[in-house]
Amino acid sequence: VIKVLEVVNVPEQNRVRARIENPPGWISLVDTKAGHRWARKKVASDDEEKELQALQTDIQHVLHDNGTLHEKVRLLANKMEALRVCNLELATKVSAVGGGSMS
């Protein structure tokens, strides 16, 4: 499959030509004098269209799941920070009482 960027009629060459993306350049599509066709537009079948829609739906689910995971990670990070602060406060209180170590 070739991605066509532009199609032009070139009457002096009896050609319809297409500028393509990769490799960059031009190709002949149709000999307008002889009627010979070297390439034609690919039309997606119903199965291909359904597959494309399913892939797009899957992508949307992944994006949603990714956002949900980021939110969960943020919440867990906040809880871990709260636990860290609590542990520091507890260690300070234990040291003040004279316990020294927490083993």
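Here the structure is a predicted model, which means the values were calculated and not measured.

S.K.: Tell me about the pattern of salt bridges, and name the residues and values.
M.R.: Under the definition given, this model contains 5 salt bridges. One salt bridge in this structure joins R19 and E6, with 3.0 Å as the shortest N-O distance. Taken together, the residues R19 in strand β2 (residues 15–20) and E6 in strand β1 (residues 4–10) connect sequence positions 13 residues apart. Classification of E6 by relative accessible area gives partly exposed; the value is 33%. When the shortest N-O distance is used, the salt bridge between R74 and E71 registers 2.6 Å. Placement of both R74 and E71 in helix α1 (residues 46–97) is noted, with a separation of 3 residues, approximately one turn of the helix. You can call R74 partly exposed: its relative accessible area is 43%. Residue E71 is classed as partly exposed on the basis of its relative accessible area, which comes to 34%.

S.K.: Break down a nonpolar patch on the surface for me, citing the residues and quoting the values.
M.R.: On the surface, a nonpolar cluster with roughly 250 Å² of combined accessible area is contributed by I2, V4 and V7. Along the chain, V7 falls in strand β1.

S.K.: So, the pairing of strand β3 (residues 25–31): which residues are in play, and what are the values?
M.R.: Bridge count between β2 and β3: 6 bridges; the pairing is antiparallel. Looking at β3, one finds that A18 is bridged to I27. Connecting β2 to the antiparallel partner β3 that follows it, the hairpin turn spans 4 residues.

S.K.: Before we move on, could you go through a negative patch on the surface and cite the residues and values that matter?
M.R.: On the surface, a cluster of negative charge is contributed by D46, D47, E49 and E51. As for its position among the elements, E51 is in helix α1.

S.K.: Lay out the confidence of the model for the chain in plain terms, naming residues and giving numbers.
M.R.: Looking at the chain, the pLDDT average stands at 87 and 95% of residues meet or exceed 70. By mean pLDDT, the top-scoring element of the chain is β2 (95), and the lowest-scoring one is α1 (88).

The rules we used
- Residues numbered from 1 in each chain as written.
- Predicted model: local features only at pLDDT ≥ 70, side-chain atom pairs only at ≥ 80, totals over all residues.
- Heavy atoms only, no water.
- Salt bridge = Lys/Arg side-chain N within 4 Å of Asp/Glu carboxyl O.
- Helix = DSSP H or I, 4+ residues; strand = E, 2+ residues; numbered from the N terminus.
- Buried < 20%, exposed > 50% of the residue type's maximum accessible area, 1.4 Å probe, protein only.
- Patch = residues over 30% accessible without salt bridge, like charges linked within 9 Å, V, L, I, M, F, W, Y side chains within 5 Å.
- Areas by Shrake-Rupley, 256 points an atom, 1.4 Å probe, with all protein chains shown as cover.
- Pairing = 2+ DSSP bridges.
- Lys, Arg positive; Asp, Glu negative; His and termini not counted.
- Charge placed at Lys NZ, Arg CZ, Asp CG, Glu CD.
- pLDDT = per-residue confidence, 0-100.

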